[in-house]
Amino acid sequence: MVTPQTHQADQPLPPLVEPGPELTAAQIDRYRRQITLAAIGTLGQRRLGAARVLVIGAGGLGTPALQYLAGAGIGTLGVVDDDVVDLSNLHRQVIHGTDVLGRPKVDSAAAAVERINPEVNVETHPVRLSAENVVELVRGYDLVLDGADNFLTRYLVADASEITGVPVVWGAILRHHGQVSVFWPGRGAHYRDVFPEPPAPGEAPSCAEAGVLGTLPGLIGTIMASQVIQLVTGTGEPLVGRLALWDEATSSTRTLRIERDPARRPATRVEVPAALDPSCQVGGPTADETLDVPALHHLLSTGVTLIDVREPWETAAGTIDGALTVPLGEVLDRGADVLPGGVGGGEVVLYCQGGVRSAQALERLRAAWGGREGHLRHLDGGYAAWRAARPGTSSGPTD
C-alpha cells in the first residue's frame, strides 16, 4: 500500500544494538571524523562495533554497502553470495578487481573488507538462499541489508525477517531507477505489503537485459549503508514506513509513505510465491525441451541449427560457432518465420546469455513447431554455461 509522502517525521526509533566495549585509542583515531558528529559520538561508535549485519549479495548494491559499513566500523559483516567474479561485474561491483576473476564473490569481498578495516569480522556464506536456510541465517544477525538481484530471494528474506523480527534495509534498481526502504517487523510496512506479488515473467528484466550505469547501484548501495548506520545507532530518520525513489536520468527524488495491509496476515513460515515456484509454473520449457551443455556438444557432431537470440552487440563478444543471430525481439515479432526453412523438421536449439530469453523464444515458437519432426529446444544456462564449461574462460553475465 503506497500513498504520497506528506506526514511529519515520526518519533525517533530506538538504537537497534546495545553498545560494545569502550573504544581504544586507535579506534578513536580511526573513527574520529564520525565520532565528532554529536549524533554518533563514542556511544554510537560502540554500537556500530557491536553490530552484526548480514549483507545479501556481494554485487552491485552489496559491494558499495560493504565498503562503507567496513569503513564505519561495523563489528561483524556476514556476506551471502553463491556467485563468482566475472569481468562484466567490474563496472559496477567495484569491490572486486581483475585479479580475482573466477574467485567466489564472498571471498573477494572478505579480502576487500580486510584491506579497508582489519578490525571487522567477516562471515562468508557461499550459498544460495532457500526456504530451508534463510531463517537460520537471518536469525544470527541484528540487521539484514538485502541487495539481492532476484525476486525469489527478496520474498525469502522478507518472510524470514517477519518470522525472526530482524529488520531489513532493502534496495532495488532497474535501468535509471533506484528504490530504498526499511522493513522492520512491527514498525511499519512489510515488503509483502508493498509488493504482494512478483511481476509476471519478462515484466522486470535483469540488469543484463535492461542495462545499468555503475553509478546507480553505487549510489543506492551507499544509501542503504547509511540506513544501516542510522538503525544501529538510533540516529536520523530511517526509511521505516517510507519508500525513497531516485531517478538517475532526471536527478530527481520522491518519497512515498507505505503502510501495512490490514488484511495481510504476518508470515509464520517462509512461502515462495507461486509465480516463482518452479513446481507451480506452467508453460515454461519442459525437460524434453531443455538441453544442457554436454547434450549440445553431442548434437553438434550430428548436425543442429543453433539460434542465438541475444543482441548483435552481445554476440560480438563471443558466440557458439555456426549459430545464427536472431534477437529475441525479432523472434517475438515474426514467430516461426525466423526459423530456417520455416517450421520444417530437424534439430533446432535456441540459446541466449543465461537461458531466460531463449525460454521466452521457445514459448513463442512452440505452437508452430507442434507435430513436426525433430526437436525445438533451448540451452539451459545459455552461453554463460557454454563458456563456463570451457577451461580458462569467463562465463559472462547471465540474463
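Along each chain, residues carry numbers from 1 onward, in the same order as the chain's sequence is written. Reporting of local features is limited, given that this is a predicted model, to residues whose pLDDT is at least 70; pairs of side-chain atoms are given and counted only at 80 or more, and all residues count toward the totals for whole chains, interfaces and linings. With hydrogens and water stripped out, all remaining heavy atoms of the structure feed into the side-chain values.

Caption draft 1: A look at the pattern of salt bridges. Any carboxyl oxygen of Asp or Glu that lies within 4 Å of a side-chain nitrogen of Lys or Arg is treated as forming a salt bridge with it. For the structure on display, the rule yields 17 salt bridges. Between arginine 128 and aspartate 82 there is a salt bridge; the shortest N-O distance is 3.0 Å. Taken together, the residues span a long stretch of sequence, with arginine 128 in the loop between strand S4 (121–125) and helix H6 (134–139) and aspartate 82 in the loop between strand S3 (76–80) and helix H5 (105–116) at a distance of 46 residues. Three or more residues joined by partner-sharing salt bridges are found here, namely Glu162, Asp193, Arg260 and Arg264. A run of H or I in DSSP counts as a helix once it spans at least four residues, and a run of E counts as a strand once it spans at least two, with each numbered from the N terminus.

Caption draft 2: The arrangement of the nonpolar core in detail. Counting residues in hydrophobic clusters, the biggest one holds 38 residues, and the most contacted among them are Val53, Leu69, Ile74, Leu77, Val228 and Leu231. Secondary-structure elements contributing two or more residues to this core are strand S2 (52–56), helix H4 (62–72), S3, H5, strand S5 (143–146), strand S6 (168–174), strand S7 (177–183) and helix H10 (215–233). For this core, the element with the highest residue contribution is H10, accounting for seven residues. The contact partners of leucine 231, leaving out residues within four places of it in the chain, are Leu13, Pro14, Pro15, Leu16, Leu143, Val169, Val182, Trp184, Pro238 and Val240. Val134, Tyr155, Tyr191 and Leu276 belong to the second-largest nonpolar core, a separate cluster that totals 30 residues. Grouping buried Ala, Val, Leu, Ile, Met, Phe, Trp, Tyr and Cys residues that are joined through side-chain atoms within 4.5 Å yields what is termed a nonpolar core. Three exposure classes are used, based on accessible area relative to the maximum for each residue type with a 1.4 Å probe and protein chains only: buried under 20%, partly exposed in between, and exposed over 50%. By definition in these notes, contact holds between two residues if any of their heavy atoms fall within 4.5 Å.

Caption draft 3: Just the packing of H4 against H5, in detail. Where H4 meets H5, the axes come as close as 9 Å, and the angle between the chain directions of the two elements is 35°. Considering how the two elements wind past one another, H4 and H5 form a crossing that is right-handed. Of the residues in H5, those in contact with Leu66, Gln67, Ala70 and Gly71 of H4 are Ala109, Val113 and Ile116. When the residues that make up the contact of H4 with H5 are grouped by side-chain class, the tally is five nonpolar, two polar and no charged. In this description, a line fitted to the C-alpha atoms serves as the axis of each element, helices being fitted only across the stretch in contact, and the angle between N-to-C directions of two axes falls anywhere from 0 to 180 degrees. Two helices that cross are described as forming a left-handed crossing if the nearer one is turned anticlockwise from the farther one by less than a right angle, and a right-handed crossing if clockwise. Under the convention adopted here, Pro, Cys and the residues Ala, Val, Leu, Ile, Met, Phe, Trp and Tyr are nonpolar, Asp, Glu, Lys and Arg are charged, and Gly plus all remaining residues are polar.

Caption draft 4: The sheet that holds strand S11 (residues 305–308), seen in detail. Any two strands are treated as partners once DSSP identifies two or more bridges connecting them. Strand order across the open sheet formed by five strands is S10-S14-S13-S11-S12, with parallel pairing between neighbours. Since the sheet does not close on itself, it has two edges, and those belong to strand S10 (290–291) and strand S12 (324–325), each with one partner. In the packing of helix H14 (residues 356–369) onto the sheet, the strands contacted are strand S13 (347–351) and strand S14 (375–379), and the crossing angle to S14 comes to about 175°.

Caption draft 5: Quick peek at empty space enclosed by the protein. Whether a set of points on the 1 Å grid over the protein atoms alone is a cavity depends on a 1.4 Å probe fitting there but being unable to get out, while an open set qualifies as a pocket with protein on both sides within 12 Å along at least five of seven lines; lining residues are those with an atom within 4 Å of a point. Grid points are joined across faces, edges and corners, and a volume is the space filled by probe spheres set on the points. On inspection of all chains with the given rule, the structure shows one cavity of 30 Å³ or more. Approximately 50 Å³ is the volume found for the largest cavity. Forming the boundary of the largest cavity are Asp146, Arg154, Val157, Ala158, Ser161, Val168, Trp170, Phe183 and Tyr191. It is helix H7 (residues 151–164) that contributes the most residues to the lining of the largest cavity, four residues altogether. Per-class residue counts for the lining of the largest cavity are six nonpolar, one polar and two charged.

Remember, this is a structural readout, not a statement about activity or role.
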